Amino acid sequence: MFFATDLDTITHGIQLAVAPVFLLTAVAGMIGSVAGRLARIIDRARVLETRVDASPDSAPMTTELEELRQLRKRGRLVNACIALLTFCAILIGLTIMALFLGETTELQIFRIATVLFLSGVTCFLLALLCFLTETVIATRVLKFGRARKSL
């Protein structure tokens, strides 16, 4: 396998490979945000589970059990979002490697880089849809009408 030794080729390879890094930065930020949402979901579920476990069998905890069901659904969406973001990061990382190798070696892998990049962007878009769905479910649980009545 031939590796380029001239500075211009290596510089151009680095420039090509650095562009997708900006998407990796967005993915990392989004993983942090979504992981925070997952932590809040888990904390709320623990509080509700403690209430349900402590309640007498004769007292139906329908509100708490319904909220737990919603939290379970939100947790699944957030987990799917994190998985998609992780796959996105892996695919973008592989894109960076393919672009650099394609520029600095004789390997003709630019088509592979294109497929990897588009797959990564697709995973990112699907993760955004999961995030949107989870936030819609989270706000649907809120009961603003009940708060207005107590004022």
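As a starting point, this report considers the structure included with it. (Residues numbered from 1 in each chain as written. Predicted model: local features only at pLDDT ≥ 70, side-chain atom pairs only at ≥ 80, totals over all residues. Heavy atoms only, no water.)

## Here we look at the overall build of the chain
We count it as follows: Put simply, DSSP H or I for four residues or longer makes a helix, DSSP E for two residues or longer makes a strand, and each gets a number counted from the N terminus. Each residue is assigned to one of three classes by its accessible area relative to the maximum for its type, calculated with a 1.4 Å probe on protein chains only: buried under 20%, partly exposed between the two thresholds, exposed over 50%. What makes two residues a contact is simply this: any of their non-hydrogen atoms within 4.5 Å.
In terms of regular secondary structure, the chain is built from five helices and zero strands. For the chain, the N- to C-terminal ordering of α and β elements is α-α-α-α-α. Of all 151 residues assigned to the chain, the portion counted as buried reaches 33%. Across the chain, contacts joining residues at least 24 apart in sequence account for 78% of those joining residues at least 6 apart.

## Some remarks on the nonpolar core
Short version of the rule: Note on terminology: a nonpolar core comprises buried Ala, Val, Leu, Ile, Met, Phe, Trp, Tyr and Cys residues joined through side-chain atoms within 4.5 Å.
Within the largest apolar cluster, 29 residues are counted, with the highest numbers of intra-cluster contacts made by Cys81, Leu85 and Phe124. Contributions of two or more residues to this core are made by α2 (21-54), α3 (62-104) and α4 (110-141). The element that contributes the greatest number of residues to this core is α3, accounting for 13 residues. Those residues in contact with Phe124 that sit more than four places away from it in its chain are Leu23, Ala26, Val27, Met30, Leu85 and Cys88.

## Thoughts on the packing of α2 against α3
Applicable threshold: Only the contacting stretch of a helix is used when fitting its axis, a line to C-alpha atoms as for every element, and angles between N-to-C directions run 0 to 180 degrees. Every angle not falling under 35 degrees, over 145, or within 65 to 115 is termed oblique; those three ranges are roughly parallel, roughly antiparallel and roughly perpendicular. Less than a right angle of anticlockwise turn of the near helix away from the far helix marks a crossing as left-handed, whereas a clockwise turn marks it as right-handed. Amino acids outside the nonpolar list (Ala, Val, Leu, Ile, Met, Phe, Trp, Tyr, Cys, Pro) and the charged list (Asp, Glu, Lys, Arg) are all regarded as polar, and Gly is one of them.
Look at α2 against α3: their axes get within 9 Å of each other, and the N-to-C directions meet at 160°. One way to sum up the angle between α2 and α3 is to call them roughly antiparallel. Handedness of the α2/α3 crossing: left-handed. For the contact of α2 with α3, the class distribution of residues is 24 nonpolar, three polar and seven charged.

## Re the pattern of salt bridges
Applied cut-off: One speaks of a salt bridge when a side-chain nitrogen belonging to Lys or Arg is within 4 Å of a carboxyl oxygen belonging to Asp or Glu.
In the structure shown here, the tally under the stated rule is four salt bridges. The closest approach of N and O atoms between Glu67 and Arg44, which form a salt bridge, is 2.8 Å. Here Glu67, found in helix α3, pairs with Arg44, found in helix α2; they are 23 residues apart in sequence, far enough to count as distant. Accessibility expressed as a relative area gives 29% for Arg44, which makes it partly exposed. Note that Arg74 is salt-bridged to Glu134, the shortest N-O span being 2.6 Å.

## What to know about a positive patch on the surface
Counted only if it meets this: Two joining distances apply to patches: 9 Å for like charges and 5 Å for nonpolar side chains (Val, Leu, Ile, Met, Phe, Trp, Tyr), and every residue must have over 30% relative accessible area and no salt bridge. Using the Shrake-Rupley algorithm and a 1.4 Å probe, accessible areas are obtained, with residue cover drawn only from the displayed protein chains. Charged residues are defined here as Lys and Arg on the positive side and Asp and Glu on the negative side; His and the ends of the chain fall outside this count. Charge coordinates come from a single atom per side chain, which is NZ of Lys, CZ of Arg, CG of Asp or CD of Glu.
Where like charges cluster on the molecular surface, the positive patch consists of Arg72, Lys73, Arg76 and Arg140. With three residues, α3 is the largest single contributor of residues to the positive patch. In this fold, Arg72 is placed in helix α3. For Arg72, a relative accessible area of 49% translates into the label partly exposed.

## Section: a nonpolar patch on the surface
Among the surface-exposed residues, Ile14, Val18, Val21, Phe22 and Phe100 lie close enough to one another that they form a single nonpolar patch of about 440 Å² accessible area. Only α1 (7-18) and α2 provide two or more residues apiece to the nonpolar patch. Residue position: Ile14 is located in helix α1. Looking at Ile14, the relative accessible area reads 44%, which means it is partly exposed.

Bear in mind that shape data such as this cannot, by itself, settle questions of function.
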